[in-house]
Amino acid sequence: MTIERPEASILIEKRATLIQEFLAGESMDFLKSLTSFLDEYFYTVFEKSISARKMVVSGNPFAIIALGGYGRKEQCIHSDIDLLILFDRSVPPEVEAFVQELLYPLWDARFEVGYAVRNIEECIDMSFERFDILTTVLDARFICGASLVYSSFMETFRSRLSGKRLKDTLNYLFEHGKKRLTDFGDSTYLVAPDLKSGFGGLRDYHTLLWYSKIKSNIKFRRDLEYYGFLSNVEYDSLEDSLTFIWDIRNRLHHITGRKCDTLHFEYQAEMATLLGYKNKAGQPDVERFLGELHEKMEFLKQLNQITFEDILSSRKIKKEFATPKPTKTEGLVIKNRRLYFANTVAILQKPDLLLNIFLESGQTKIPLSIEAMRVVSEFSHLVTDEMRTDPHCVKLFKRILALSYWEFNVLNVMLSTGILERFIPEFSAIVNKIQYNHYHLFPVDKHSIRCVQVINSFKEPGATRMKSLYAGIFKDIRNKNILLVAALLHDIGKSDPAKEHSKRGVKIAGPILDRLGFNPTEREDALFLIQHHLLLAKTATRRDIFDEETAVSTANTIGKIRLLRMLFLLTVADSKATGPKAWNDWTENLIKDLFLKTMGILKTGELASKKTQRLIDKKKQEVLALLRENWREEEVTNQLNGMSQRYLLYVPAQNIVDHINLYRNLRDRDFIWQITKENNSDIRTVSICGKDKPGFFSKIAGIFFLNQIDIVASQAYSLGDSHILDIFKVMPPKDLIFEREKWEKAERDLTQALEDDHFLDKALGKIPDTLAISSGTPPETSKVRIDNQTSSFFTIIEVLTYDFPGLLFSITNALYRNGLNVNVAMVGGKVDQVIDIFYVRDINEDQKIESDEKLEQIKTSILNTLPHISAKEVLNEKN
């Protein structure tokens with residue numbers, strides 16, 4: 001687009017110069033520089049404007065006023081420019097020509113400008129009708145024009161605000177903060193934080209500023225300290241935090257080329273590089289950067305809590321709450337529904353008050369006052385080694401653990417005041433520790449606390465079948481302190497990213513458990529939970545849980561029912577506290593099924609048990625009853641006797657009937673399939689019965705890839721000596737209108753693929769040679785692991801790589817070309833990377849692969865078929 005106005009070209013050039021100086025580190029205060037540059041533009045236009053002169057001469061003086069962030073002199077690269085053109089009484093028609101003079105060059109230069117033209121009375125009325133207008137007026141700053149119009153406006157506004165409007169305004173401020181938490185969440189809990197609107201973002205500072213302007217009519221940020229809203233230390237920390245976050249926000253605007261306030265995952269690595277972070281002690285630069293950012297945002301969130309405390313105390317308080325009331329704990333009082341220390345002398349005499357106040361808070365659901373939180377921070381040095389091992393203090397801490405819930409977060413307050421780190425010094429190594437992936441939503445310290453809170457939620461009676469299961473198991477656990485402490489410490493080993501965190505966690509947690517007074521058996525149980533906290537989740541998602549050997553192996557590792565119960569709840573809590581990538585209905589059911597199977601083995605001690613055989617016999621009778629009208633009993637019995645035990649045990653009777661009917665209708669065809677839709681789900685189940693031809697599974701995977709049908713999971717079973725049954729869970733075709741036509745085409749393609757061994761060569765040609773991965777750390781190379789121990793009948797192959805279309809076909813084709821049959825395929829996930837698991841046997845010898853040479857050949861063949869992994873240059877993609 002050609003810019004017609006020379007002023008726009010000047011604006012573009014000047015802004016570009018300021019941005020380059022900022023990026024080069026040459027600008028001391030970029031926000032004020034950008035603000036001053038805009039102010040100068042408005043001065044110049046006003047001075048030269050004939051339209052402005054006419055309005056002033058005709059008796060219509062006006063003021064140009066900056067609002068919002070521009071009014072606060074906090075203009076970022078792509079922030080909106082909010083303007084108010086304010087007249088005393090009437091608004092003359094000539095103002096339209098002036099607005100065009102003022103704004104068209106800015107719009108041509110791609111500035112986002114919001115403006116309003118009003119008289120004083122209109123503006124004041126709207127300010128008290130709408131909260132968003134009220135806050136912009138609180139930030140109003142005179143730029144140029146008639147200063148008397150501006151001062152008259154602000155005097156009238158202040159007069160009405162300090163009168164009957166004060167209470168409503170404070171209510172607006174308070175309710176807006178609550179709504180903001182609902183709408184944007186707590187950014188200190190998010191790996192991709194909102195730098196502006198989330199709790200911990202710039203709005204927390206803005207709220208404090210607005211409150212201080214309402215209460216004391218302060219003019220500048222520096223006045224926050226002068227008027228007593230912040231201490232000197234708090235003000236210095238505020239300046240440090242704001243400088244850091246504004247720097248990031250401006251660079252984010254530059255990287256994205258637009259107003260963007262959420263630090264999305266794909267920008268974080270580049271941001272760390274731009275800010276000069278380096279890898280240190282095995283921790284990637286991006287994790288160090290995010291850790292510091294979360295530390296600054298945590299401070300802003302605490303400022304917001306201070307503000308809310310002050311707003312609450314400024315609102316009308318009932319008389320009975322205004323007088324301090326003693327609590328059950330001597331040295332603590334309640335005032336205005338907040339906990340306070342009676343005096344600081346009591347803390348020096350009884351340092352355990354530093355813990356007792358959190359116990360009192362958890363028991364009464366009354367939060368600490370900001371003053372009490374400040375006192376806890378200032379006196380936290382009183383928590384000594386003697387106090388950490390004192391049985392009374394240890395008991396207080398364990399009781400506090402059991403009182404931490406998501407809705408009332410005692411542990412989080414302990415963390416923010418520093419008292420949690422003082423009581424467990426080892427915890428400081430994971431404070432604001434970030435794991436740079438989409439998998440973990442929360443920093444490690446917040447995740448660990450969230451895990452404790454989820455476990456405490458199991459105390460509530462279940463409203464659903466699964467919640468009832470968790471509540472019942474929790475009730476059966478005798479020593480809940482072991483589970484809660486293990487939940488708090490399960491990721492303590494992540495302090496050193498270079499080491500396997502579960503084993504390292506055991507070494508770190510041992511001395512902590514000793515200090516907390518656990519006896520040898522309790523200590524051993526807690527350490528077991530920490531070391532094996534990933535066992536159930538990994539086994540459920542990476543092994544065939546329908547294979548009885550999987551549950552047997554799990555039972556052998558765990559050994560005791562009490563450990564299984566605690567490990568199950570810890571697994572659920574850990575997964576829930578990690579985020580949706582780790583927890584969904586699919587994962588929940590897999591982990592539950594593995595738990596129940598393992599519990600059955602531990603309770604009865606039976607492996608291939610008589611109970612199992614009874615269940616199979618019962619299943620056979622159900623199938624016979626369903627097929628009796630159309631099949632001879634001898635035929636059905638022969639068919640069932642040719643099926644595997646695991647198939648008969650875990651497949652429902654009606655499904656077995658459907659599969660037998662598929663087999664009966666197969667006749668001389670190579671395959672026949674049945675496609676069904678699962679209840680309350682988009683997933684389709686594709687049951688394929690066919691002749692047992694080499695590469696059958698691989699060719700199905702290839703046809704699904706060719707037709708853009710994504711496989712979620714699969715199972716394979718034998719139907720006698722010469723036929724097989726493959727069951728696939730797949731996502732439906734994208735165009736559901738033509739779904740039937742898509743399945744018909746896929747069926748024709750599979751027929752050709754089974755007849756022509758080279759039909760799918762064209763599909764192989766669509767698999768990429770190279771994958772470019774965007775990551776904060778160098779992308780990991782693909783890995784192949786082979787497990788020949790877990791299963792007596794299958795070789796288990798794990799492939800860890802990055803996802804791409806055709807991945808399953810690429811791997812299974814390599815397995816087929818190496819003479820392997822796929823009996824079970826588990827399509828798993830690990831966020832950016834995926835883990836696909838295959839249970840295979842030799843096609844010719846129908847057994848596990850025992851030859852080391854052959855196993856190495858298989859491994860090499862799979863790696864050769866996968867694309868080369870390289871790092872993606874994010875900078876080249878932003879436009």
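Residues numbered from 1 in each chain as written. Predicted model: local features only at pLDDT ≥ 70, side-chain atom pairs only at ≥ 80, totals over all residues. Heavy atoms only, no water.

**Things to note about the overall build of the protein chain**
Piece 1. Per the secondary structure count, the protein chain includes 40 helices and 17 strands.
Piece 2. Viewed in the frame of its principal axes, the protein chain has a C-alpha envelope of about 105 × 75 × 55 Å.
Piece 3. Here the protein chain, with 879 residues, has 54% of them falling under the buried criterion.
Piece 4. Charge-centre separation for the protein chain: the mean point of 117 positive side chains lies 5 Å from the mean point of 120 negative side chains. (Helix = DSSP H or I, 4+ residues; strand = E, 2+ residues; numbered from the N terminus. Buried < 20%, exposed > 50% of the residue type's maximum accessible area, 1.4 Å probe, protein only. Lys, Arg positive; Asp, Glu negative; His and termini not counted. Charge placed at Lys NZ, Arg CZ, Asp CG, Glu CD.)

**Here's the deal with unusual backbone geometry**
Piece 1. Unusually for a residue other than glycine, Lys73 sits at a positive phi of about 60°.
Piece 2. Locating Lys73 in the fold gives a position in the loop between α4 (68-71) and β2 (81-87).
Piece 3. Among the residues examined, Lys73 registers a relative accessible area of 38% and is labelled partly exposed.
Piece 4. One non-glycine residue with positive phi stands out, namely Asn217, at about 55°.

**Structural notes on the sheet that holds strand β1 (residues 62-67)**
Piece 1. Ordered by their spatial adjacency, four strands build an open sheet running β3-β2-β1-β4, and the pairing between neighbours is mixed. On the outer flanks of this sheet lie β3 (113-119) and β4 (141-145), each paired with one strand and no other. Direction aside, the axes of adjacent strands within the sheet are offset by 25° on average. (Pairing = 2+ DSSP bridges. Axes fitted to C-alpha atoms, helices over the stretch in contact; angles between N-to-C directions.)

**As for the packing of helix α17 (residues 353-364) against helix α18 (residues 370-379)**
Piece 1. Closest axis-to-axis distance for the α17/α18 pair is 10 Å, and the angle between their directions is 150°. As for the relative orientation of α17 and α18, their crossing is left-handed in sense. Facing α17, whose interface residues are Leu354, Ile357 and Phe358, α18 presents Ala372, Val376 and Phe379. (Left-handed = near helix turned anticlockwise from the far one by under 90°. Contact = heavy atoms within 4.5 Å.)

**Structural notes on the side chain of Arg684**
Piece 1. One can find Arg684 in strand β9 (residues 684-691).
Piece 2. Of the polar contacts made by the side chain of Arg684, one reaches the side chain of Glu739; its length is 2.8 Å.
Piece 3. When neighbours within four sequence positions are excluded, Arg684 is seen to be in contact with Ile675, Thr676, Lys677, Phe728, Lys729, Val730, Pro732, Leu736, Glu739 and Trp743. (Polar contact = N/O pair within 3.5 Å; in protein donor to acceptor, adjacent residues only side chain to side chain.)

**Quick look at the sheet that holds strand β7 (residues 338-341)**
Piece 1. Taken in spatial order, the three strands make up an open sheet running β5-β6-β7, and their pairing is antiparallel. Of all the strands in the sheet, the pair left with one neighbour each is β5 (325-326) and β7.
Piece 2. Bridge count for β5 against strand β6 (residues 332-335) is two bridges, and the pairing is antiparallel. Note that in β6 the partner of Lys325 across the bridge is Ile334.
Piece 3. The strands touched by α17 are β6 and β7; relative to β7, the strand with the most contacts, the crossing angle is about 165°.

**A few points about the packing of helix α6 (residues 120-127) against helix α8 (residues 147-161)**
Packed helix pairs are characterised by how far apart their axes lie and by the angle those axes make with each other.
Piece 1. In the contact formed by α6 and α8, the axes pass within 10 Å of each other and the chain directions differ by 35°. The crossing of α6 and α8 is right-handed. Counted together, Ile120, Glu121, Cys123, Ile124, Asp125 and Ser127 of α6 and Val149, Ser152, Phe153, Thr156, Phe157 and Arg160 of α8 form the full contact between these two elements.
Piece 2. Tallied by class, the residues present in the contact of α6 with α8 amount to six nonpolar, three polar and three charged. (Nonpolar A, V, L, I, M, F, W, Y, C, P; charged D, E, K, R; others polar.)

**Considerations on the pattern of salt bridges**
Piece 1. Tallied over the entire structure, the rule returns 38 salt bridges.
Piece 2. Among the ionic pairs, Arg141 bridges to Asp39, the shortest N-O distance being 3.0 Å. A residue pair is termed long-range when its members are at least 10 positions apart, and Arg141 in strand β4 and Asp39 in helix α2 (residues 30-48) qualify at 102 residues. Neither Arg141 nor Asp39 differs from the other in exposure class; each is buried.
Piece 3. For Arg388, the salt bridge goes to Asp385, with nearest N and O atoms at 2.3 Å. Here Asp385 and Arg388 lie together in helix α19 (residues 385-389), a separation of three residues that amounts to about one turn. (Salt bridge = Lys/Arg side-chain N within 4 Å of Asp/Glu carboxyl O.)

**Let's talk about a nonpolar patch on the surface**
Piece 1. A contiguous nonpolar patch, built from Tyr104, Trp107 and Tyr115 and spanning about 290 Å² of accessible area, is present on the exposed surface.
Piece 2. Here Trp107 is to be found in helix α5 (residues 95-108). (Patch = residues over 30% accessible without salt bridge, like charges linked within 9 Å, V, L, I, M, F, W, Y side chains within 5 Å. Areas by Shrake-Rupley, 256 points an atom, 1.4 Å probe, with all protein chains shown as cover.)

**Remarks on helix α9 (residues 165-184)**
Piece 1. In this model α9 runs 28 Å from its N-terminal to its C-terminal C-alpha over 20 residues, within 8% of the 28 Å that 1.5 Å per residue would give.
Piece 2. Along α9, the positions that sit buried rather than exposed are Thr169, Leu170, Asn171, Leu173, Phe174, Gly177 and Arg180. (Expected span 1.5 Å × (residues − 1).)

**What to know about the pairing of strand β14 (residues 795-802)**
Piece 1. Of all the eight residues making up β14, eight are buried; the element is thus mostly covered by neighbouring parts of the structure.
Piece 2. A two-sided burial pattern is seen for β14, the buried positions comprising Thr795, Ile797, Val799 and Thr801 on one face and Ile796, Glu798, Leu800 and Tyr802 on the other.
Piece 3. Judged from the five bridges that link them, strand β13 (residues 783-787) and β14 form a sheet pairing that is antiparallel. Paired with Ile786 across the bridge in β14 is Ile797.

**Details of the side chain of Asp261**
Piece 1. In this structure, Asp261 sits in the loop between α12 (232-256) and α13 (265-274).
Piece 2. Using a relative accessible area of 13% as the deciding quantity, one classes Asp261 as buried.
Piece 3. There is a polar contact of 2.6 Å between the side chain of Asp261 and the side chain of Arg249.
Piece 4. In contact with Asp261, other than residues within four places in its own chain, are Pro193, Asp194, Leu195, Lys196, Arg249, Leu252 and His253.

**So, helix α35 (residues 653-666)**
Piece 1. Under the 1.5 Å per step criterion, the end-to-end length of α35 is 20 Å for 14 residues, consistent within 8% with the ideal 20 Å.
Piece 2. Note on α35: the residue one or two positions beyond its end, Arg667, has a positive phi of about 55°.

**Overview of the environment of Met414**
Piece 1. By the element assignment, Met414 lies in helix α21 (residues 410-417).
Piece 2. Through-space distance from the C-alpha of Met414 to that of Ile400 is 9.8 Å; in sequence the pair is 14 residues apart.

**Quick notes on the packing of aromatic side chains**
Piece 1. Under the defined criterion, the tally for this structure stands at 30 aromatic pairs.
Piece 2. Between Phe128 and Phe157, the aromatic rings sit 5.5 Å apart at their centres with planes inclined by 20°, giving stacked as the arrangement. Highlighted residues: Phe128 in the loop between α6 and α7 (131-138) and Phe157 in helix α8, separated in sequence by 29 residues. An identical accessibility class is assigned to Phe128 and Phe157; each is buried.
Piece 3. On the numbers, 5.8 Å between centres and 70° between planes, the contact of Phe794 with Tyr839 is edge-to-face. One end of the pair, Phe794, is in the loop between β13 and β14; the other, Tyr839, is in strand β16 (residues 833-842), and 45 residues separate them in sequence. The two residues Phe794 and Tyr839 agree in class, both being buried. (Phe/Tyr/Trp six-rings, centres within 6.5 Å; stacked < 30°, edge-to-face > 60°.)

**So, the environment of Arg614**
Piece 1. In this structure, Arg614 sits in helix α32 (residues 610-627).
Piece 2. Between the C-alpha atom of Arg614 and that of Leu649, which follows or precedes it by 35 residues, the distance is 9.8 Å.

**Thoughts on the environment of Arg53**
Piece 1. Along the polypeptide, Arg53 turns up in helix α3 (residues 50-57).
Piece 2. When neighbours within four sequence positions are excluded, Arg53 is seen to be in contact with Glu47 and Lys48.

**Brief notes about the state of the cysteines**
Piece 1. Evaluation of the coordinates by the stated rule reveals zero disulfides.
Piece 2. Of all cysteine sulfurs in the structure, the one in Cys144 sits closest to Cys123, which takes part in no disulfide; the separation is 16 Å.
Piece 3. For Cys123, a relative accessible area of 2% corresponds to the buried category. (Disulfide = S-S within 2.5 Å.)

**A closer look at the confidence of the model for the protein chain**
The predicted structure's coordinates, where accompanied by low pLDDT, should not be read in detail.
Piece 1. For the protein chain, the mean per-residue pLDDT works out to 86, and 93% of the residues sit at or above 70.
Piece 2. Of the regions scoring below 50 in pLDDT, residues 874-879 engages in six contacts with residues more than four places distant in sequence or in other chains. (pLDDT = per-residue confidence, 0-100.)

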